[in-house]
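# Reading the structure
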Amino acid sequence: MKYDNIKILSADIDGTLSGSKYTISPRTIETIVKCREKGYLFGLASGRPLEDVLGKYKEWGLDKQFDFIIGWNGCELYDDASKQSYQYNYLSAQDLKEIVTFMSQFDCSINMYEPGSYLSSRKTDKAWYSAFKNKRTFIKVDSLDAFYQHDNGGIMFRAVLEDMPMIEQKVNEFVKGKEYVGFKTQADLYEFSHKNCNKGYALKKYCEIKNMSLDECMAFGDTTNDNKMLECCHGVCLLNGSDDTKACAEVITDLVCDEDGWADFIDKNLL
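As a starting point, this report considers the structure included with it. Treat the numbers as computed from the prediction; the structure is a model and nothing was measured.

### A few points about the packing of aromatic side chains
One pass over the structure, following the stated rule, counts 19 aromatic pairs. On the basis of an interplanar angle of 65° and a centroid distance of 5.8 Å, the ring pair of phenylalanine 42 and tryptophan 262 is categorised as edge-to-face. Of this pair, phenylalanine 42 sits in strand 2 (residues 41-45) while tryptophan 262 sits in helix 10 (residues 261-269); the two residues are 220 residues apart in sequence, bridging distant segments of the chain. We classify phenylalanine 42 as buried; its relative accessible area is 0%. Aromatic pair phenylalanine 174 and tyrosine 180: ring centres 6.0 Å apart, planes at 40°, arrangement tilted. Both residues of the pair, phenylalanine 174 and tyrosine 180, count as buried. Among the aromatic residues, ring-to-ring pairing joins Tyr3, Phe42, Trp60, Phe66, Phe220, Trp262 and Phe265 into one connected group.

Pasting the structure below:
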C-alpha cells in the first residue's frame, strides 16, 4: 500500500514504540531520526500527562523535542513549533465522584495524576513504580474524596486481571448517556475520561494548527485508548494489539512491538 501523501506520524508509546520491558530499542530510535530527517512531523500520543512525556526525547538520547505531543489520552496537546500547550475536555469533579462511587464495587486500586504527584488508594508495586518511572511523588490517599476535589484529565483503576471482562461489561452499561467514557489501556488497567477526550480529537486539533488534513496523518497504536486516533486517519495497529484496536486499523504490522514491529513497518512502507 502506498502512503505518498503522509506528512504527520503519531505514535503511542507503551506496546507500540516501547516493548514489554518499557524500553525503547536502538532500531526504533534510529527510525524516528530517519523519519524526521526525511521531513515527517513526528509526535507521541500518550495516556500520560504532558509533564511526563516532554522529557522523553532526552531520555531516549534524541537531540531535539518531538514536533508534537498528545498527552493524557487527548486532554493535552503540545506543539513544539509554537512552544504552546493546549487543554481539552477534563472530567468534572462531579463526574469523578460518580465514577469512583461506581468503581468501588470492584476489587481495584484507584489512581490519578496530579501535578508532580501520583495518587493511589493502595500502595502496590505497580502504583509505586508508575510514580517512580515518571519522577512523581507517590501519595497513598487516606480518603477517596481526594480523587474528586477538582476537575482532572482522567482517572485509572487497576483491577484483578480475571475480573476485567466483567468490569468492561458493567462499565459499558454504566457510561451510557454520561459525559464520560471508560476504556482499557492495559490488560488490568481501566481508565475514564471525558467522552470528547481522545487521542484522535487532539490529533485533529494538531492538524488544524498545521493547516493539514487527517488524510496526511498516520497513527500507530496497540490498545483501546488508541482506537479513535487510528480511526480518524491512516491507522496502523501493532501485531500485539488488542482485537478491538486491530479492527479499527487500516493495516496491522508484520511483527510485534518486542520485535521492532513499528520500525519494521516504517522501513517497509515509508522509508
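### Looking at the environment of leucine 203
For leucine 203, the position within the fold is in helix 7 (residues 199-210). Judged by relative accessible area, which is 0%, leucine 203 ranks as buried. Taking the C-alpha atoms as reference points, leucine 203 and tyrosine 118, separated by 85 residues in sequence, lie 26 Å from one another. Excluding anything up to four places from it in sequence, leucine 203 contacts Ile8, Ser10, Phe68, Ile70, Leu214, Cys217, Met229, Cys232 and Cys233.

### Notes on the environment of valine 175
Inspection of the secondary structure puts valine 175 in the loop between helix 6 (164-174) and strand 10 (180-186). In this structure the C-alpha to C-alpha distance between valine 175 and asparagine 73, which are 102 residues apart in sequence, comes to 18 Å. When residues no more than four places from it in sequence are discounted, the contact partners of valine 175 are Tyr180, Val181, Gly182 and Phe192.

### Notes on the packing of helix 4 (residues 93-103) against helix 6
At a closest axis distance of 12 Å, the pairing of helix 4 and helix 6 adopts a crossing angle of 140°. Classified by chirality, the crossing of helix 6 by helix 4 is right-handed. Here Glu98, Ile99, Phe102 and Met103 of helix 4 lie close against helix 6, whose contacting residues are Ile167, Lys170, Val171 and Phe174. Among the residues making up the contact of helix 4 with helix 6, the classes are represented as 6 nonpolar, no polar and 2 charged.

Reading the values: the criteria
Residues numbered from 1 in each chain as written. Predicted model: local features only at pLDDT ≥ 70, side-chain atom pairs only at ≥ 80, totals over all residues. Heavy atoms only, no water. Phe/Tyr/Trp six-rings, centres within 6.5 Å; stacked < 30°, edge-to-face > 60°. Helix = DSSP H or I, 4+ residues; strand = E, 2+ residues; numbered from the N terminus. Buried < 20%, exposed > 50% of the residue type's maximum accessible area, 1.4 Å probe, protein only. Contact = heavy atoms within 4.5 Å. Axes fitted to C-alpha atoms, helices over the stretch in contact; angles between N-to-C directions. Left-handed = near helix turned anticlockwise from the far one by under 90°. Nonpolar A, V, L, I, M, F, W, Y, C, P; charged D, E, K, R; others polar.

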